[in-house]
Structure formats: C-alpha cells, structure tokens
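Topology and contacts: notes
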Amino acid sequence: MTTARISIDRTNVVAPLNRRIFGSFVEHLGRCVYDGIYEPGHPTANEDGFRLDVVELVKELGTTTIRYPGGNFVSGYKWEDGVGPRQSRPVRRDLAWHSLETNQVGLEEFGRWCELTGSELMMAVNLGTRGIAEALDLLEYANGEAGTALADQRIANGRTEPYDIRMWCLGNEMDGPWQIGHMTSADYGKIAARTASAMKTADKNLELVVCGSSGSAMPTFGEWERVVLEESYDHVDYISCHAYYQERKGDLGSYLASSMEMKYFIDTVVATADHVKHRLRSQKTIQLSFDEWNIWYLDEHQASEEVNDEWRIAPRQLEDVYSVADAVVLGNLLITLLQNHDRVTSASLAQLVNVIAPIMTEPGGASWRQTTFFPFSVTSRLARGEVLRPRIDVGSYDTAVYGAAPLVDSVVTADAETGTSAVFLVNRSQTESIEVTIDVAGLGATSITEAVTLHDADPYAKNTFAEQTRVGLSPLAGAILADGTLTVTLPPVSWSALALA
Ligand code: AHR
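Since we're looking at a predicted model, the values are computed, not measured.

1. Some thoughts on the sheet that holds strand β20 (residues 408–415)
Ordered by their spatial adjacency, seven strands build an open sheet running β2-β16-β20-β21-β27-β23-β24, and the pairing between neighbours is antiparallel. In this open sheet, the two edge strands, each paired with only one partner strand, are β2 (13–16) and β24 (474–475). Looking at chain direction, β20 and strand β21 (residues 420–427) are connected through eight bridges and run antiparallel. Of the residues in β21, the one forming a bridge with Ala414 is Ser421. Sheet strands touched by helix α10 (residues 324–339): β2, β16 (386–388), β20, β21, β23 (448–454) and β27 (494–500). Its angle to β20, the strand with the most contacts, is close to 55°. This element, helix α11 (residues 373–382), spans β20, β21, β23 and β27 of the sheet and lies at about 20° to β27.

Structure below.
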C-alpha cells in the first residue's frame, strides 16, 4: 500500500481562523432566490415566504457571510426596486441572466433571511449601470441612523435598526466582456477608487472589496489586478478572486489536482498586490476575498439551451448535479483556502441553493444535500482556533494539466481554548488506498472523537431528486491514535476529516 507521512508543528500557524472563510453567495439567478430560499406556497414557508427546511440545511452547512445580490445580476440592479411595499415593486428584465425579476425579495427580506440563518450580509453595489451616488444611497438606506431621508425611508418600511453591513463589493467581474457595463482596468480602477473613497467618507470602518479578475484564464489576469490596485489601493481592503473548476475530457487525474491551479491563482494575486504595495510605499496589506469558488460545469452550461428567447421568472439555470469526485475536489479547494488563510481571509462558495449549489430544492417538495455539501459542512463545523500548515511527505502522480501532483493534501486546525484539533485530508489517487501516519504529538491529542470520509466505489455517484441520499459520509474505518501518532487509511478519491481531543 502507498504510504504518506504528515508532521504537525504546533507553532507553524498560518493564521487564526476567520469564519468568513466559510461564506457563500446568493444571487438573483435561476432558482437560487425564487423557488430556492423563497417559496411562499411551500408547506415549510414562514410569513416572509422563506422555506424553513432550507434554513435548517443552510445552518447545517455552516455558512457564515453571504454575498448578495450578485454576481452578474448586480450590474443591472436597482436596489430601490427591492424595498418598500411588495405589491408596488416593479417586475424588470434581468439582462445578465435573461430572466424576469419580480423584486419580491430585496434587501429587507434578505436581511431577515440572514437573521434567520445567522448569516452576515455582504453586499455588492452596481458599478455596471450605476455609480457613486447610487452606492452611497444604498449605504445610507442600509446602514444610516434615523434622521436622514433614506435611513428614515428604511425605518418607514419597517426596519428600525441599521443593517450595519460591514463588507461591500465594488461591482462584480468588471473585467468580463459578458458583464453589463464592463470596463478597462484603468476605467474600473478609477470608478472603484472614487466609489470606495466616497463610501469610506461616509463610514471609515467599511471593508471594501475591489474586483480582481473573473478567472485566472482571463487574458488580462495579473495586469488587471496591478492596474486596478494602483488606482484604488488606499481605499480598498480586499481584492476579489473568482475560480470555478470542472473535469474536462474525462481527465479525472488533472481534475483531482485542481487545487494546484487555485494555489497558483492565490500566489499570483498576492504577488501582484504586494508589488503594488511596495511601489506605493504603503503600510497596508491587501487581503484576498475568494468570493466565488466552486465546481461549475461551465462548458456544458455555455453549450446548453437553458437560456433561450423567453423571459421567464426563476428558470432552471446552472443546476449542476455533483458527484463524489466533485465533492473531493471541493473539499481540497477548501483545504487550499485554509492553507492560504494568512491572505485569503474571506471566501464565498458560489452559490448556495439550486444554482451550482450544495443544497437543492423542488417547488412544493423536498430539499436535499448534494455531495459537495458534506466536506463544506464538516470543515465548517470542526475547524476551530488556528490554522496550521502540516508538512506532507508523499509521492506524486502525473497529470496532463499540472505535471506531478502530490497524492495527498491536508490542512490542520487547533484550538488552544478547548484543546481540540481537526485534520482534513484528501487522497487524489484513483486506484490506491493510502496509509497516512500523522505525528500529532504537538497537538497534545489523546483521542479521536470523530472520523468521517466521503468516498464511493463509484467516484461519479451523485445525489439526485430521485435518489437524494445515495451519497453521504461514512465512518473512516481503522483510524488509530496511539502515543502521539495517528494512523489512517484513506480510500481512493476520498475526502476525510478527523476531530481530536
Ligand atoms: O456564480 C455564477 C456567476 O459566475 C456570477 O454571476 C458571476 O459573477 C460569475 O461569472
């Protein structure tokens, strides 16, 4: 059997865990909002029309900060359409996703949904068709104290307390030709800087995210970040990263190593941000907000006919059904985000319900967990305290896309307060179980309190409407902890987690 060794140095701390790394994303797209989190006629719906079965699943998933309302959608959005009496809200065409927006859910309802789920709201402003004035108006409406026109309008609409939204995205993917109002890096850098400066004049403690590239494959990747940051550096706190992965041409080996691309992406953006920092002689370090990441069968989506000539309300769009292999890759991407948590301090799994999502629903019917639900929920539940960088000694396998890829990847968290720790592991081998010996003496752990794995004899097994619980977690058999050494056997194509005390 192939073997691997992992050693954990308790002092090799990446960063204290910031729970914003477990964020997600709700966009007015397809059935994410309508027929997703919101379905007034559903048997579990509350007085706002929110499905409580979905609320329970969101809580179990363990998401924290939720980015809203887009995405591409935000670049044509008028936030005023989504506040005030629902019966007078306009129906509009959403040009981004070629559908009809009823505006029955807006800031007010979504704010209440966030309270219901215990989520922090992260808001995006429209810099596609709009600008500084509308961003400031939204900020005043959302966060203003009583006594100014828009804050008073919010209060008249029934919300007395300000929402106190801390994180704001300055538009969305403005580098993408598909984006409504997309711009050059210099144009966007200027409007982002001016909008950010004005927003911080209103509230200097806001945390602002400037748009980075919509993907590392963009021809402008790197240069976009440099130019945008040179314009906006003093006024912003984060630069966004967006990355989606999928298996292509049946090359599962490369796909299982997708994290290597994410690592390259992070390293490039960090290098560029720090280059600008030093050029500007700035004292400030820009953080990365990985505010869209996931598996997305984008090639298939682009070839599909789900967007046609009709203008429909909540059409079925981007409803990818995920396999065990997808979940293993997602678990590995989350490991990578944690390994780089000193710079990636906020992230949003895109998206939350129905649209490339861990949670699926049927109108009037069931809600269920996709395979990708499991690594996310377990990591969010077990990760506590500080993130540690383990040393991993393991062989590699050849991939067509990334060259030699390590067979095992891992990250560790340790909580000094409770004396507990957690180890997250991926086996990327398609054929072999791997026995991993982990030196956990430095963690002071004496017992295994939980050991689970996500694996299936068929790496393409899925949970579907017809078979909603086909795939789930199972106990990680044979894990032993003795004399400061943890020994586990990871099945092929698997993601695993162990909690220690
Ligand atoms: O998450 C789906 C879409 O992907 C978002 O709207 C956009 O920002 C990205 O291209």
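Moving on from the coordinates now.
2. Let's talk about the environment of Glu230
Its place among the elements puts Glu230 in helix α6 (residues 223–232). Separated by 50 residues in sequence, Glu230 and Leu280 have C-alpha atoms that sit 7.8 Å apart. The contact partners of Glu230, leaving out residues within four places of it in the chain, are Val276, Arg279 and Leu280. Among the polar contacts made by the side chain of Glu230, one reaches the side chain of Arg279 at a distance of 2.6 Å.

3. Some thoughts on the sheet that holds strand β12 (residues 312–313)
Spatially, the three strands line up as an open sheet ordered β5-β6-β12, and their pairing is mixed. Two strands in the sheet have a free side with no partner beyond their single neighbour: β5 (92–94) and β12.

4. Notes on the site of the ligand
Contacts to the ligand come from Phe25, Glu27, Gly71, Asn72, Trp97, Asn172, Glu173, Tyr244, Glu292, Trp296, Gln351 and Ile356. Side-chain polar atom of Glu173 to an oxygen atom of the ligand: 2.7 Å apart, as the coordinates give it. The side chain of Tyr244 places a nitrogen or oxygen atom 2.8 Å from an oxygen atom of the ligand. Across the complex, the protein chains shield 96% of the 280 Å² of accessible surface that the ligand would expose by itself. Considering only residue class, the shell around the ligand consists of five nonpolar, four polar and three charged.

5. Quick notes on α10
The end-to-end C-alpha distance of α10 is 22 Å, a good match for the 22 Å that 16 residues give at a rise of 1.5 Å each. With 16 of its 16 residues buried, α10 lies for the most part within the structure. If you check the start of α10, you find a side-chain oxygen 3.3 Å away from the backbone N of Ala325, and it comes from Ser323.

6. Some words on the UniProt feature "domain: Alpha-L-arabinofuranosidase C-terminal" (unreviewed entry) in the chain
Mapped onto the present numbering, the UniProt feature "domain: Alpha-L-arabinofuranosidase C-terminal" (unreviewed entry) falls on residues 291–494. As annotated, residues 291–494 has a helix share of 16% and a strand share of 37%, and its two end C-alpha atoms lie 25 Å apart.

Definitions and limits used
- Residues numbered from 1 in each chain as written.
- Predicted model: local features only at pLDDT ≥ 70, side-chain atom pairs only at ≥ 80, totals over all residues.
- Heavy atoms only, no water.
- Pairing = 2+ DSSP bridges.
- Helix = DSSP H or I, 4+ residues; strand = E, 2+ residues; numbered from the N terminus.
- Contact = heavy atoms within 4.5 Å.
- Axes fitted to C-alpha atoms, helices over the stretch in contact; angles between N-to-C directions.
- Polar contact = N/O pair within 3.5 Å; in protein donor to acceptor, adjacent residues only side chain to side chain.
- Near = heavy atom within 4 Å.
- Areas by Shrake-Rupley, 256 points an atom, 1.4 Å probe, with all protein chains shown as cover.
- Nonpolar A, V, L, I, M, F, W, Y, C, P; charged D, E, K, R; others polar.
- Expected span 1.5 Å × (residues − 1).
- Buried < 20%, exposed > 50% of the residue type's maximum accessible area, 1.4 Å probe, protein only.
- UniProt positions renumbered as here; feature names shortened; annotations may be inferred.

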